[in-house]
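These are the residues of each chain, in order.
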Amino acid sequence: MEIRPLSAMDISGVLAVERVCFSDPWDFAMLAEMMLSPVFRALVAVEQREVLGFVLGYQVADELQVADLGVKPRCQRQGLGRALMEQYLKTNDFGGRVQSVFLEVRVSNAPAQGLYRSMGFYEIGQRSRYYSDGEDALVLRLDAPETK
Ligand SMILES: CC(C)(COP(=O)(O)OP(=O)(O)OC[C@H]1O[C@@H](n2cnc3c(N)ncnc32)[C@H](O)[C@@H]1OP(=O)(O)O)[C@@H](O)C(=O)NCCC(=O)NCCS
């Protein structure tokens, strides 16, 4: 298994992970549009060409916004989500250090909140009815992540 930057050949694999992980998965057009952004950054965990997990988002100057993180159910709880996040915080395409990381997470998503809080993320607010099914989001922040 290797963790490496997302490339065009991984798109269908990422969308397959999206579909098994999320009730409101992104489709091809949404992901392709995101990938066109010059500040888009993403990593995939791949084994024998199969995408097992991914993390993606945007970096603007020293701020990183994590837009999505997913690991195939059969690979969950084996450290892959943490490895993806840790690698993501280390990779820096823009020079300088990431100083702040932001993300939204469903209020009901205990596994993801457990991962983020164990990495040092803390709650800075909530977004009411943020998701298409009406669920609220917590807004989490991480300051000056340890990247060694
Ligand atoms: C959230 C997610 C990416 C975590 O990936 P993972 O590979 O299972 O996570 P890891 O094995 O690296 O676990 C890291 C930590 O997360 C927390 N965690 C993960 N799964 C958990 C669970 N089912 N219950 C409680 N805590 C959990 C724990 O703190 C865990 O650390 P520990 O194993 O030392 O206790 C994965 O559960 C997933 O893809 N979920 C569906 C998509 C999703 O919700 N994405 C997040 C969107 S914001």
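All of the points below concern the structure found in this document.

Side chains of strand 5 (residues 100–106) alternate between two faces, with Val101, Leu103 and Val105 buried and Ser100, Phe102, Glu104 and Arg106 left unburied. Judged from the seven bridges that link them, strand 5 and strand 7 (residues 137–143) form a sheet pairing that is antiparallel. Across the sheet, phenylalanine 102 pairs through a bridge with arginine 141, a residue of strand 7.

Taken together, 19 residues form the shell around the ligand, and within it Gln76, Gly81, Pro111, Gly114 and Leu115 come nearest. Listing elements by their share of the shell around the ligand, those giving two or more residues are strand 4 (63–71), helix 3 (80–90) and helix 4 (110–118). Considering only residue class, the shell around the ligand consists of nine nonpolar, eight polar and two charged.

Time to look at the environment of tyrosine 88. Assignment of secondary structure puts tyrosine 88 in helix 3. Tyrosine 88 sits in the buried class, given 24 other C-beta atoms within 10 Å. Expressed as a C-alpha distance, the spacing of tyrosine 88 and leucine 56, which sit 32 residues apart in the sequence, is 8.4 Å. Here tyrosine 88 is in contact with Leu43 and Val55, once residues within four sequence places are set aside.

Moving on: the sheet that holds strand 6 (residues 122–127). Working definition: the strands of a sheet are paired by backbone hydrogen bonds and lie parallel or antiparallel to each other. Reading across the sheet, the seven strands line up as 1-2-3-4-5-7-6 and stay open at both edges, with mixed pairing between neighbours. Both outer strands of the open sheet, strand 1 (2–5) and strand 6, are each paired with one neighbouring strand and no more. Within the sheet, the average angular offset between the axes of one strand and its neighbour, ignoring direction, is 25 degrees.

The rules behind each value
- Residues numbered from 1 in each chain as written.
- Predicted model: local features only at pLDDT ≥ 70, side-chain atom pairs only at ≥ 80, totals over all residues.
- Buried ≥ 20, exposed ≤ 12 C-beta atoms within 10 Å, placed from the backbone.
- Helix = DSSP H or I, 4+ residues; strand = E, 2+ residues; numbered from the N terminus.
- Pairing = 2+ DSSP bridges.
- Near = placed C-beta within 6 Å.
- Nonpolar A, V, L, I, M, F, W, Y, C, P; charged D, E, K, R; others polar.
- Contact = placed C-beta atoms within 7 Å.
- Axes fitted to C-alpha atoms, helices over the stretch in contact; angles between N-to-C directions.

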